[in-house]
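One-letter residues, chain by chain:
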Amino acid sequence: MESKVYSQVYSILKTSREGVLDAIKGLAEVGFDGIEAMGTNTGELSKADFHKFIDDLGIKIISFHSLRDDDDREFAQEFGAQFTDVRPLDHLVTMEDCKKSAEMMTQACEHLRKFGLTGIVHNHASEFRKVADDPEHTLYDLLLNYTDPDLVKFELDVGWAARAGVNVGDLIRKYSGRFPVLHVKECDAVAACDDDLDHFPKKVMEMMKVETASADNKKIVKGAPVFSPAQIEILCNSRSWNAELGKGIIDWQDVKAAAEGQPSGCAAYISEREFFGFYGHEGDPMEFAKRDCAFLRAL
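Residues numbered from 1 in each chain as written. Predicted model: local features only at pLDDT ≥ 70, side-chain atom pairs only at ≥ 80, totals over all residues. Heavy atoms only, no water.

**Section: the side chain of R129**
Alright, step 1. Turning to its location among the elements, R129 is positioned in the loop between β5 (118-122) and β6 (130-131).
Alright, step 2. With residues near it in sequence (within four places) discarded, R129 still touches H137, T138, L139, D194, L197 and D198. (Helix = DSSP H or I, 4+ residues; strand = E, 2+ residues; numbered from the N terminus. Contact = heavy atoms within 4.5 Å.)

**Overview of the state of the cysteines**
Alright, step 1. For the structure on display, the rule yields zero disulfides.
Alright, step 2. The thiol sulfur of C187 is not disulfide-bonded, and the nearest other cysteine sulfur, from C193, lies at 14 Å.
Alright, step 3. Using a relative accessible area of 0% as the deciding quantity, one classes C187 as buried.
Alright, step 4. No disulfide involves C293; its nearest neighbouring cysteine sulfur is the one of C266, lying 16 Å away.
Alright, step 5. You can call C293 buried: its relative accessible area is 2%. (Disulfide = S-S within 2.5 Å. Buried < 20%, exposed > 50% of the residue type's maximum accessible area, 1.4 Å probe, protein only.)

**Brief notes about unusual backbone geometry**
Alright, step 1. Of note, E44 is a non-glycine position whose phi angle comes to about 70°, a positive value.
Alright, step 2. In this fold, E44 is placed in the loop between β2 (34-38) and α3 (47-57).
Alright, step 3. For E44, a relative accessible area of 82% corresponds to the exposed category.
Alright, step 4. In this model, H91 sits at a positive phi of 60°, which is unusual for a non-glycine residue.
Alright, step 5. Note on placement: H91 falls in the loop between β4 (83-86) and α5 (95-112).
Alright, step 6. Judged by relative accessible area, which is 72%, H91 ranks as exposed.

**Observations regarding the packing of aromatic side chains**
Alright, step 1. Applying the stated criterion across every chain yields a total of 10 aromatic pairs.
Alright, step 2. With a centroid separation of 5.9 Å and an interplanar angle of 85°, the aromatic rings of F64 and F75 are classed as edge-to-face. Here F64 is found in strand β3 (residues 60-65), whereas its partner F75 is found in helix α4 (residues 70-78), with 11 residues between them in sequence.
Alright, step 3. Exposure remark for F75: the relative accessible area of 8% places this residue in the buried category.
Alright, step 4. With centroids separated by 4.8 Å and ring planes inclined at 65°, the aromatic side chains of W160 and W241 adopt a geometry described as edge-to-face. Of this pair, W160 sits in helix α7 (residues 158-163) while W241 sits in the loop between α10 (229-238) and α11 (252-260), and the two are 81 residues apart along the sequence. (Phe/Tyr/Trp six-rings, centres within 6.5 Å; stacked < 30°, edge-to-face > 60°.)

**Some words on the nonpolar core**
Alright, step 1. Membership of the largest hydrophobic core comes to 72 residues, with the highest contact counts inside it found for I24, F64, L156, F179 and L182.
Alright, step 2. Filtering out sequence-adjacent residues up to four positions away, I24 remains in contact with V9, I35, F50, F53, I54, L57 and I59.
Alright, step 3. One finds Y6, F83, I120 and V181 within the second-largest nonpolar core, a separate group that totals seven residues. (Core = buried A, V, L, I, M, F, W, Y, C linked by side-chain atoms within 4.5 Å.)

And the structure:
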C-alpha cells in the first residue's frame with residue numbers, strides 16, 4: 001500500500017504529553033507516510049519550528065484528534081490536515097439518544113468545514129450494542145442513518161468493531177462512502193459478554209471514582225484521563241485482544257477491498273494499538289509501530 005499508511009501518535013504515547021517529538025520522528029523513521037496527531041502538542045517548539053520539523057521528516061499530518069476550540073482547529077488547518085474526530089455522546093442507549101448525538105455531530109461537522117476539516121466519528125465497541133427501543137439496529141447503525149452522508153464521515157476502528165462481533169467488510173459495503181479513514185487494529189477474540197464492550201472496564205472506572213473523592217486528586221489533565229499504575233495494568237490486560245496484525249479474526253484483504261471500493265476510496269489507513277504484549281518486545285511501542293507499518297505496506 002502506498003501513500004496511505006499513517007500512525008496515531010496515541011499508540012506511542014497514550015495519554016502522556018512527554019516525548020512527542022521523539023515519537024513522531026520514530027514513526028517517520030520506520031516508514032509511515034504521516035501521523036494522526038493528538039491535540040496541538042508541539043513538544044514546546046514554536047508553530048513555525050514544528051512545521052519545519054514535520055516538513056523535514058517528509059511526513060504529513062492527515063488528521064488531528066482532540067481539538068478543543070477554534071484556535072486548535074486553525075492550527076490543524078495550517079498544517080494541512082483533512083480530518084478531525086467528532087465523538088458521539090456518552091452512554092448511548094435509545095433511539096432518542098442517537099438522534100441527539102447525530103444532531104450534535106452534524107452541527108460540529110458543519111462548523112469544522114469553516115476550517116477545511118471533515119469531521120470523522122470515531123468508535124469503540126460500545127456503539128455496536130443494540131438500541132434499547134430498536135433491537136433490529138445497533139447504535140452505530142442509527143448514528144450512520146441519522147447523519148448526513150455528505151457531511152458526517154466515520155473513522156471506523158476496525159479492531160473495536162471486530163471485538164463487538166462485526167464483519168467489518170460487510171459494514172463498509174453496507175454504508176459505502178461513509179469511511180474515508182480506517183483505524184487499523186487487529187482483534188483475536190469477540191467480546192464474551194456485554195461488559196467486554198466497555199471502552200474502560202468497570203473496575204477501572206470504579207477505582208477512579210474512589211481516587212477522585214478527594215478534590216486534591218486531579219485525574220483529568222487537559223481533557224485526558226490520568227490513570228494509576230494499577231488502573232493501567234487492568235486496562236492493558238482487558239485489551240490483550242489487540243493481537244498482531246494479520247494473526248487475528250479480521251479478513252484484511254476483504255476490509256481493504258471494501259474500503260477501496262467506496263466511491264472515493266479510502267484516504268488513510270491509520271495504525272492504532274491498544275496492547276503491547278508479544279514479539280518478545282513487551283513495552284516497546286516503536287517495535288510494534290515498525291511491524292504494523294510493514295504489515296500495512298504489504299497489504
